[in-house]
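# Coordinates in review
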Amino acid sequence: EAGVAQSPRYKIIEKRQSVAFWCNPISGHATLYWYQQILGQGPKLLIQFQNNGVVDDSQLPKDRFSAERLKGVDSTLKIQPAKLEDSAVYLCASSFVGPGPFFGPGTRLTVL
Amino acid sequence: GQQLNQSPQSMFIQEGEDVSMNCTSSSIFNTWLWYKQEPGEGPVLLIALYKAGELTSNGRLTAQFGITRKDSFLNISASIPSDVGIYFCAGEETSGSRLTFGEGTQLTVNP
């Protein structure tokens, strides 16, 4: 069974630029999550989808971050405009019934 | 928001030694999960716990869900070099609610 796929793996941008990350969850997993992991910390939930509906986006900085999961499968996370403090690893994860979530390899974002 | 206190922050041990780390919360949790993260990778689920007092093993790893439902611990027996990584606890207050992660325990195993 293929795991959670993410791209790109690395991205370097300058502040005030825009960036987008893509995630393909494990096949059949209805729940998809985006986490932000700052160096030296545990992952922090940004947004959780159930199919294509948002379940929890209370920790998403909505003035600059947006996410969508239009067909209930793939998802994109966008930052516009980026700030220095957005430098982090962005992890996508998915789950179905049972233990989880299961994480992808992450996208390491560096904002200069 | 909810915070988990994970300790120790780091451990340096010799190959073959046993390891113990724990996680505490000020709130009651319904589920405890333990993950391992290696450099450049996402966290990998090791053990999931769903009931107070539950003790679950996965190879050389054993985790327990505390009786008070406010803590959990992870033991690794007879450590080997490939156990190196950051171990995270994560808790869920109610089924389907947001998963909160601890700050991690960095484990180094010297051959």
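Above: the structure in question.
Residues numbered from 1 in each chain as written. Chains lettered and ligands numbered in written order. Predicted model: local features only at pLDDT ≥ 70, side-chain atom pairs only at ≥ 80, totals over all residues. Heavy atoms only, no water.

## Structural notes on the side chain of B:Lys36
Residues and elements named next belong to chain B. This is how it is decided: Helical segments are the DSSP runs of H or I of at least four residues, strand segments are the runs of E of at least two, and each set is numbered from the N terminus. Polar contact is the term for a pair of N or O atoms within 3.5 Å; when the atoms are in protein, one must be able to donate a hydrogen and the other to accept it, and sequence-neighboring residues count only if both atoms are side-chain atoms. Note on contacts: a residue pair is in contact if any heavy atoms of the two residues lie within 4.5 Å.
Following the sequence through the fold, Lys36 ends up in strand β4 (residues 31–37). Reaching out from Lys36, the side chain makes a polar contact with the side chain of Glu38 at a distance of 3.3 Å. Within the structure, Lys36 has its side chain in polar contact with the backbone oxygen of Ser82 (distance 2.6 Å). In contact with Lys36, not counting residues within four places along its chain, are Gly42, Pro43, Val44, Leu46, Ser82, Asp83, Val84, Gly85, Ile86 and Tyr87.

## What about the interface of chain A and chain B?
Under the convention used in this document: As used here, buried area is the combined drop in accessible area, with a 1.4 Å probe, of two parts when they are placed together. What counts as a salt bridge is simple: a side-chain nitrogen of Lys or Arg found within 4 Å of a carboxyl oxygen of Asp or Glu.
Counting residues at the interface gives 21 residues for chain A and 17 residues for chain B. Surface buried jointly by chain A and chain B totals about 1400 Å² across both partners, of which 50% is contributed by carbon and sulfur atoms. Its largest share of buried area at the contact with chain B, chain A owes to A:Pro43, A:Pro99 and A:Phe103, together 26% of the area lost on that side. At the boundary of chain A with chain B, the tally comes to one salt bridge. We note a salt bridge from A:Asp56 to B:Arg98, for which the minimum N-O separation is 3.2 Å. Linking chain A with chain B are six residue pairs in polar contact (both at pLDDT 80 or more). Secondary structure elements with two or more residues in the side of chain A that touches chain B: β4 (31–37), β5 (44–50) and β10 (102–103) of chain A.

All quantities given are derived from atomic positions and should not be read as evidence of function.
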